[in-house]
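Listed below, chain by chain, are the residues.
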Amino acid sequence: MIEPLKKKLASQGIHTLLAQFTDVHGVAKGKYVPLDKLEELVCVGAGFAGPSIWGTALPRIGPRAEYYARANENHILPLPWMPGYAWAVCSGYVDGQPFDACPRQVLQRATARLAQRGWTLKTGIEPEFFLLKHEQGQWLPADDGDRLDKPSYDLRSLPRQAGFLHELNGVLRAWGLDVLQLDHEDAHGQFEVNFAFDEALASADHVMGFKLAAHALAEARGMVFSMMPKPFANQPGSGLHFHVSLWDAQGANVFEPNATQRGTDTPVSELGRQFMAGVLAHSTALCALAAPTVNSYKRLTVGESLSGTTWAPAYVAHGPNNRTATLRSLPGRFEWRLPDASANPYLATAALIAAGLDGIDRGLELGPACTEDLFKLSLGEIAARGIAVLPQSLNDAVTALEADAVVCEALGPTLAAEFLRLKRDEWLAYARHVSGWELARYAATF
Ligand code: GLU
Ligand code: MG
């Protein structure tokens, strides 16, 4: 098996593999491995000092100190912008066993739970991102001319990034992704690239590959590719929406509505409704994984935001084609609008699966569909409709996660504990920092 693959890669001019795994923060890590060590990379893995990787909690000594990133031989793809190199997506192993706190393994455990019931979750993940520059200590859109009052679908600025977007499109297509659309989003310097939906693990891998490519291609053009959720307070932030459907062994979408359901405000099957109800029931805990940074909560704001309409949901609700709610229902699927660009796609998907399965297992009933523009309602009106508000800080989201046994169990005890510890530290570091805003407001005031 390995020899033909090695020969094929060599014939493509590949001499080095980029063995890449993903840390708890959703950041790609790895090392170079010469092609002639392919067999070892696939069968054993490339070794890393375990405690040097965020979120592993591995010891400094002993057999469990080594983290092995083991490649999947079906997922080794040439890096078009780095001739001679190929990207090998890896999962973590420790002491010869799948490592329970590897985010990719966490998602594999979640999809295995679905597989036991004959189901496959499919996701279409939509990355929004900024192209920035860092000048004289300031972060700015890379393109100075990108400054329309309403930048959505800006056709003046889009052509100025056509070179970058075309290269990115080329890489994704070379990897077999069906690229659907590339557009300018609603903030200066903000874009979105859409590619076709796929099985949950493949989609999460695609997001990691997308980030790998976008970082490299932007850097080559002197720009910084940013998945920070909300770089500018007065502009919308970047979401990472998930379009979600569930398929059976015969290849049928089990969220597909029947004739009666199709005409309703929630055009999904009963199973789909239960799954959605589970996602809503666990929304506060899901926030910690879908919106995992301090900055995420500047995107998920309720009430008046500095950027006007953000299209980011702050309310636990669902509605037909309703972009102001956490879940936007569409025929045979729903869009989970909560995740932002900083989410680890493996962990966010695993948590989504756990929440949805809990909804199915408990036969949860989906509340009434929301057919109003939630951004137009006051907080009092929202409360009067019994609609809950999502956590408004990382601290609140982490507290909700800690209290949610279903989602924590999906992460596994090691990763859950590490995630909670790291995120509490992140919150504390932020809370204790004295910002320019505070100095400007208070230094000479009292
Ligand atoms: N940028 C928005 C967000 O943060 C979403 C805009 C859209 O729906 O495309 O979720
Ligand atoms: Mg968008």
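Look a little higher up for the structure.
Residues numbered from 1 in each chain as written. Chains lettered and ligands numbered in written order. Predicted model: local features only at pLDDT ≥ 70, side-chain atom pairs only at ≥ 80, totals over all residues. Heavy atoms only, no water.

Moving on, we come to the coordination of the magnesium ion (ligand 2). The coordination sphere of the magnesium ion (ligand 2), as far as protein atoms go, consists of Glu128 (OE) and Glu192 (OE), spread over 2.0 Å. One end of the pair, glutamate 128, is in strand 7 (residues 120-135); the other, glutamate 192, is in strand 10 (residues 190-195), and 64 residues separate them in sequence. Among the residues examined, glutamate 128 registers a relative accessible area of 8% and is labelled buried. (Donors = N, O, S within 2.8 Å, 3.2 Å for Na, K, Ca; no water. Helix = DSSP H or I, 4+ residues; strand = E, 2+ residues; numbered from the N terminus. Buried < 20%, exposed > 50% of the residue type's maximum accessible area, 1.4 Å probe, protein only.)

It is worth spelling out the nonpolar core at this point. With 123 residues, the main nonpolar core has Leu17, Phe129, Phe164, Trp336 and Leu401 as its most contacted residues. Each residue touching leucine 17, except ones within four places of it in the same chain, is listed here: Leu9, Lys31, Tyr32, Val33, Leu35, Leu38, Leu41, Ile76 and Ala86. Listed in part, the 10 residues of the second largest apolar core include Ala314, Tyr315, Ala317 and Cys370. (Core = buried A, V, L, I, M, F, W, Y, C linked by side-chain atoms within 4.5 Å. Contact = heavy atoms within 4.5 Å.)

Time to look at the site of ligand 1. In the neighbourhood of ligand 1, the contacting residues comprise Glu128, Glu185, Glu192, Gly237, Ser238, Gly239, His241, Arg299, Thr310, Trp311, Ala312 and Arg337. Contact between ligand 1 and glycine 239: an oxygen atom at 3.3 Å from a main-chain N or O atom of the residue. Between arginine 337 and ligand 1, the recorded distance is 2.8 Å, taken from a side-chain N or O atom to an oxygen atom. In isolation ligand 1 offers 300 Å² of accessible surface; the protein chains occlude 89% of this area. Its residues assigned to classes, the shell around ligand 1 shows 2 nonpolar, 5 polar and 5 charged. (Near = heavy atom within 4 Å. Polar contact = N/O pair within 3.5 Å; in protein donor to acceptor, adjacent residues only side chain to side chain. Areas by Shrake-Rupley, 256 points an atom, 1.4 Å probe, with all protein chains shown as cover. Nonpolar A, V, L, I, M, F, W, Y, C, P; charged D, E, K, R; others polar.)

Bringing the pairing of strand 10 into the picture now. Residues in a regular strand project their side chains so that they alternate between the two faces of the sheet. Counting buried positions along strand 10 yields 6 of 6 residues, so the element is predominantly enclosed. Side chains Gln190, Glu192 and Asn194 of strand 10 all project onto a buried face; the interleaved residues Phe191, Val193 and Phe195 project onto the opposite face, where all are buried too. The sheet contact formed by strand 9 (residues 179-184) and strand 10 spans 5 bridges and is antiparallel. By the bridge assignment, leucine 182 is partnered in strand 10 with valine 193. (Pairing = 2+ DSSP bridges.)

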